[in-house]
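Here is how the chains run, residue by residue.
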Amino acid sequence: MYMKKIITFIWIGLYLMACNNPVTSPEKINELPAIYPDYIGVTVPVGIAPMNFNYLGDYECLDVNVVGSKSGKIHLNDDKISFPDSEWKKLLQDNVGDSIVFTLSVQKKNKWIQYRSFSMYVSSYPIDYGLVYRRIAPGYEVYSKMGIYERDLSTFNERALVENTMVPGMCVNCHSFNKTNSNQMSLHIRGAHGATLMQIEGERELLNTKTDSTLSACVYPYWHPSGKYIAYSVNNTRQSFHAVKDERVEVLDLESDVLVYHPSTHQVLLSPLLKKKEVFETFPVFSPDGNKLYFCAAKQMPIPEKYKEIRYSLCSIDFDKEKGTFGNRIDTLIDAEKMKKSISFPRPSYDGKYIMFTLSDYGNFSIWHKEADLWLLNLQDGSLRTIHEVNSDNTESFHNWSSNSHWFVFSSRREDGLYTRLYLACINKEGKVSKPFLLPQKNPMNYYDKLLYSYNVPEFTNSPVKIEPRKLEREIVSNKRVQVEVRK
Amino acid sequence: MNKIHINMERKITMLSQRRWKIGFSVILWLSVFLFWGRFYPSHLSYQEQLQLFLFDTDYLIEHLIIPGGLAEYISEFLVQFYYHRWIGAAILATLFVVLQLLVWLLAQKHKAADVYYLLSFLPIISMWYFMTDENAMLAFAVSILFALGTMYLHVSLNSQWRRVLSVVLFAPLLYWFAGAAHFLFIGWAIICEAKLLYQNNKKLAIGGSIAALILMGLACPLISGLWLQYPIFRLMGGINFYRFPSYIPLTVFIVEALFLFFPFLISSLSPPKKNVHFAIILQSLVLIMSGYVLLSSGADMNKEEAMEYDWLVRNKEWQKIIEKAEAKSPTSPFGVTCLNLALGKTGQLGDRMFQFYQNGTEGLLPHFQRDFVSPLPTSEVFYYLGMINTAQRFTFEAMEAIPNYNKSGRCFKRLAETNLINGQYEVAAKYIRILRKTVFYKDWAEEAMTYLYNEKKISNHKEWGWLRKLRYADDFLFSDREIDMMLGLLYQHNYQNRMAFEYMLAYVLQERDLERFMKYYPLGKYAGYDHIPRSYQEALVYVWTQTHRNFDGMPWSISPDVAHEVTDFARIYMSQQNSQPILHTQYGDTFWYYLLFKKK
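Residues numbered from 1 in each chain as written. Chains lettered and ligands numbered in written order. Predicted model: local features only at pLDDT ≥ 70, side-chain atom pairs only at ≥ 80, totals over all residues. Heavy atoms only, no water.

Draft legend 1. Structural view of the environment of B:Leu54. Residue and element names in this part refer to chain B. Structurally, Leu54 is set in the loop between helix H2 (41-49) and helix H3 (57-64). Separated by 260 residues in sequence, Leu54 and Arg314 place their C-alpha atoms 21 Å apart. When sequence neighbours within four positions are dropped, the list of residues in contact with Leu54 reads Tyr59, Tyr73, Ile434, Lys437 and Thr438. (Helix = DSSP H or I, 4+ residues; strand = E, 2+ residues; numbered from the N terminus. Contact = heavy atoms within 4.5 Å.)

So this is what it looks like as structure tokens:
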């Protein structure tokens, strides 16, 4: 009995410790609140994790009323803004296609201030299960802890798929899924136990993709929609370092070529048109119908003397998915020289409407280019535009589409110019793009401020990736590899 | 009265028995304290700079989610105080004495005789030896402490069922808090239980008990291996006992074995019936000799010297670096880099460079190596030269190269500075906010916060404002094959950067490239010298003498001493078949000797 009393007193104490003051006579100001992340006016998918945010400024207590335009509401009165998961999900569900309105009141020096209300829009387009990305410090040549992680977009849960603590010295990257299908995965492992991991419908192989006829092991994977081929690049890459304050790293390809890998035969398919000595070919991607291979190509220039003149155009070559052969002509969709710009990371939308790419002043490793922005090529009318709705004064770079082609995720360094964060945005059938929102976290300010890693290569997945780390570890350290061969 | 007298005598005897034991423990404390505080202090500052302990809940949680995390957390908490090296020495001394006392208490539980008290010091000597390795982590010692404490609790339980329960409860808890040191507890339980069962004539049960305990011990790491991404050997051997994740030194297991077996060993010895003092003296001698042998083989004074140089650089003690070099010239590229920086910072590089051992350009601006130690002094050189981006890169890379993925307080501070100087305020703020959660960087961080976005204040900062003026304005890509040209560009950007000029000339002189020296030398007219630095005079006069018979018409103000010495040098060099020893004695501190005799 005494224990019960003690416990009750403890709970009362805890309850009293949290601020719990109803809003009384607030001073209403016609200003939007300064919040982090800036979620004002964003469009969110139904089922997204609670869009918690922080108030930027001193306060004693916060009060948030969230009202659905159709129905439902949530009320919080606390020292932090953390929406209960089930209530949040229900609110979004009840207001699909419409908006939810936030009214934030802040208590400062025992007085309440009520800000102008703001909305979030609940899209009718669903989003995929999750994101898979690499997290690594934004360093130069050396890396500490890193890994490939999967985030469930409906919660704050993140799990490690592969971390380099498992095999000391290992580096992992270039993960790719076939149109968000987590059952078809390619992943590159570097280090003493290097390999290209291929996991198709539960069957896993570790490949040695370096051959005598190719420059390096295969990187920058992109799946053919049929799942029967994967396009890769092979690169001889070098890093250089800038001297002035606003620049850091320049990543240059000394050579690069494009090829296609055929998993069922363990053969790489080459074309002389994709491995010209005088051209840097890279970033291959298949069209949604699988009949074309898009890639970036630049005229070779002496490095380092003319590195700023290396500009990649967006090109394509036909691909016969039945025979696994290439066309005999390269088409240029966007000529970099005419634009005096350079294209990297082309990504066709799965509905065949667009190709999104990153545009920078030169080069191909745009994450280190402050001027890098996202652009959209409309394949139906050939028009080209900057996605001004999502671009910032800082780097926007790697991006990917959701399976329904109505969401995309992209990397941005807009917060501080160094640590890459992930943003999500919606594109409707008219091609209108919504204001992007930062990947939600339970306490975003605390989380992102402390996070000393960047997000790389975000990919949507439609379901959790099936992987057994311990088994994978044994396979990696076993050094048993399947050697790929060049098809004659 | 007789009874009172006898009791008093007994108390005095017990007290004096305890006093001698306390005395030896105090000697141990003082020995450890003096060793680390006086002879090996730079190893402490080395440990401190390779971590960043934060007073933050998330930091604690990060540690608690891995086996051994609590021990690691506690050890990092303690290591942060190594910032003040004497405090670090005291911490280690106290920890070692506590470990020793626990070993003794365990031995006492098995009825060890007091006369063998000193044998309880031997496992501590082995721990001391292990800790002289700069990559040995204090978490190992803290884990052993946890294990010994648990062993003591176990052996204090009288009933068998309580002891069984304690193993079931404590083994997994101990594994989670202290990591693989739980095997010590398992081993202890095995021996205790086997001994008891044997004494109680339950010999058949011994095998079963041992098997059950071993399974218990193995189950903990194996189960954790189902969700933790660490190799099994690390889960079994200790994740955080050694800085390098790829292997666990054999010493770890030997030390663990000593802590496990010594209490039993001590208790198994029968007390001598006479010559108790002789037994104590003999143990003392064994302790002293084993301590001497182990510590002299374990302690690496060359590394200590290098670390001392690095510590002095970190604390900007330029004069002390030079004084240290004057006493004994460093020979490693690491030490020479630090010395040359000190000479550069005090404007003496041109005058005194060759008075000390030089090992070429790797002692000036070493090439980048992918480790967590060598880039640090190099980053300091780049920083003070004004090559802020390169300093930032070397610092970042050094931190990323720390094998156990720790962050570094020293590196964070420098990265905050480089980002502040470069106007990357958001990034600087991120690092500064983190440093505010520390004990020893907090004050600096609070002060640094006031500089954010305050261009005027930064410009007025003695160091940051100055370095801002030195930075490159025009971009280019760093080339480690064109260091002298980059230094030339740096100097030409701001002729007040005399250090850049001196490093540029030092670079070409150490490369023995007199053609480039002659090309760069005239730029010195902008540097505001009131005399030609000694080593430049030596180079100039050497160049002159290659094409002239005398000094007539020499266009530079060469001192008469230099003129005389080069003549003498040339005479000896030309006339003696094996002139090197003589020239080394008389002119070993000159550029001429370096040019003609130092191995390339």
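This is not the end of the story, as more comes after the structure.
Draft legend 2. Highlighting a nonpolar patch on the surface. A contiguous nonpolar patch, built from B:Ile22, B:Val26, B:Leu30, B:Leu34 and B:Trp86 and spanning about 460 Å² of accessible area, is present on the exposed surface. The greatest single-element share of the nonpolar patch, amounting to four residues, is contributed by helix H1 (residues 2-39) of chain B. (Patch = residues over 30% accessible without salt bridge, like charges linked within 9 Å, V, L, I, M, F, W, Y side chains within 5 Å. Areas by Shrake-Rupley, 256 points an atom, 1.4 Å probe, with all protein chains shown as cover. Salt bridge = Lys/Arg side-chain N within 4 Å of Asp/Glu carboxyl O.)

Draft legend 3. Geometry of the sheet that holds strand E30 (residues 396-401) of chain A. All names here are of chain A. A sheet is described by the order of its strands in space; here four strands give the open sequence E30-E31-E32-E33, paired in antiparallel fashion. Each edge of the sheet is formed by a strand with only one pairing partner; in this case those strands are E30 and strand E33 (437-438). For strand E31 (residues 407-412) and strand E32 (residues 421-426), the ladder comprises six bridges, and the chain directions are antiparallel. The residue bridging Phe410 from the neighbouring strand is Tyr423, located in E32. (Pairing = 2+ DSSP bridges.)

Draft legend 4. Geometry of the pattern of salt bridges. Scanning the entire structure with this criterion turns up 46 salt bridges over all chains. As a salt-bridge pair, A:Glu337 and A:Lys340 come within 3.7 Å of each other at their nearest N and O atoms. A salt bridge links B:Asp56 to B:Lys437; its shortest N-O distance comes to 2.8 Å. Separated by 381 residues along the polypeptide, B:Asp56 in the loop between H2 and H3 and B:Lys437 in the loop between helix H21 (425-435) and helix H22 (442-449) bring together distant segments of the chain. Here B:Lys437 falls in the partly exposed class, since its relative accessible area comes to 26%. Bridged by salt links that share partners, the residues B:Asp310, B:Glu380, B:Arg410, B:Arg414 and B:Glu417 form one connected network. (Buried < 20%, exposed > 50% of the residue type's maximum accessible area, 1.4 Å probe, protein only.)

Draft legend 5. Molecular detail of the pairing of strand E8 (residues 111-114) of chain A. Residues and elements named next belong to chain A. Across two bridges, strand E1 (residues 27-28) lies against E8 in parallel orientation. If you follow Lys28 over to E8, its bridge partner there is Gln114. Pairing between strand E7 (residues 99-108) and E8: four bridges, direction antiparallel. Within E8, the residue paired with Lys108 across the bridge is Lys111. The loop that links E7 with its antiparallel partner E8 comprises two residues; one of these, Lys109, has a positive phi angle of about 50°.

Draft legend 6. View of the layout of surface pockets. Residues and elements named next belong to chain A. In this model, the second largest pocket occupies a volume close to 1,200 Å³. Around the second largest pocket sit 48 residues that line it, and Arg134, Asn173, Arg190, Tyr220 and Phe365 are the ones nearest its centre. Among the residues forming the lining of the second largest pocket, the class breakdown is 26 nonpolar, 14 polar and eight charged. (1 Å grid on protein atoms, 1.4 Å probe; cavity = no way out; pocket = protein on both sides within 12 Å on 5 of 7 lines; lining within 4 Å. Points joined across faces, edges and corners; volume = space filled by probe spheres on them. Nonpolar A, V, L, I, M, F, W, Y, C, P; charged D, E, K, R; others polar.)

Draft legend 7. Quick look at the packing of aromatic side chains. If you walk through the whole model with that rule in mind, you get 83 aromatic pairs over all chains. When the centroid spacing of 4.8 Å and the interplanar angle of 75° are considered together, the rings of A:Tyr133 and A:Tyr455 count as edge-to-face. With A:Tyr133 in strand E10 (residues 130-136) and A:Tyr455 in strand E34 (residues 454-461), this pair connects stretches of sequence that are 322 residues apart. Note on A:Tyr133: relative accessible area 0%, which makes it buried. Through a chain of ring-to-ring contacts, three or more aromatic side chains come together here, namely B:Phe53, B:Phe55, B:Tyr59, B:Tyr73, B:Phe77, B:Phe81, B:Tyr83, B:Phe440 and B:Tyr441. In this structure, B:Arg414 is placed above the aromatic ring of B:Tyr383, and the distance from its NZ or CZ to the ring centre is 3.6 Å. Across from the ring centre of B:Tyr594, 4.4 Å away, lies the NZ or CZ of B:Arg512, which sits over that ring. (Phe/Tyr/Trp six-rings, centres within 6.5 Å; stacked < 30°, edge-to-face > 60°. Lys NZ or Arg CZ within 6 Å of the ring centre and 35° of its normal.)

Draft legend 8. Structural view of the pairing of E34(A). All names here are of chain A. Counting buried positions over the eight residues of E34 gives eight, a clear majority of the element. Of the pairings in the sheet, the one linking E10 to E34 comprises six bridges and is antiparallel in character. Along E34, the bridge assignment pairs Val132 with Glu459.

Draft legend 9. Looking closely at the interface of chain B and chain A. Counting residues at the interface gives 42 residues for chain B, matched by 45 residues for chain A. In total, about 3,800 Å² of surface goes out of reach between chain B and chain A, with carbon and sulfur atoms giving 52% of it. Run the count over chain B and chain A and you get four salt bridges. For A:Lys450, the salt bridge goes to B:Asp56, with nearest N and O atoms at 2.7 Å. The tally of links from chain B across to chain A stands at 31 residue pairs in polar contact (both at pLDDT 80 or more). Those elements that provide at least two residues to the side of chain B that touches chain A are helix H11 (232-237), helix H19 (388-400), helix H20 (409-421) and H21 of chain B. Partitioning the side of chain B that touches chain A into residue classes produces 19 nonpolar, eight polar and 15 charged. (Buried area = accessible area lost by both parts, 1.4 Å probe. Polar contact = N/O pair within 3.5 Å; in protein donor to acceptor, adjacent residues only side chain to side chain.)

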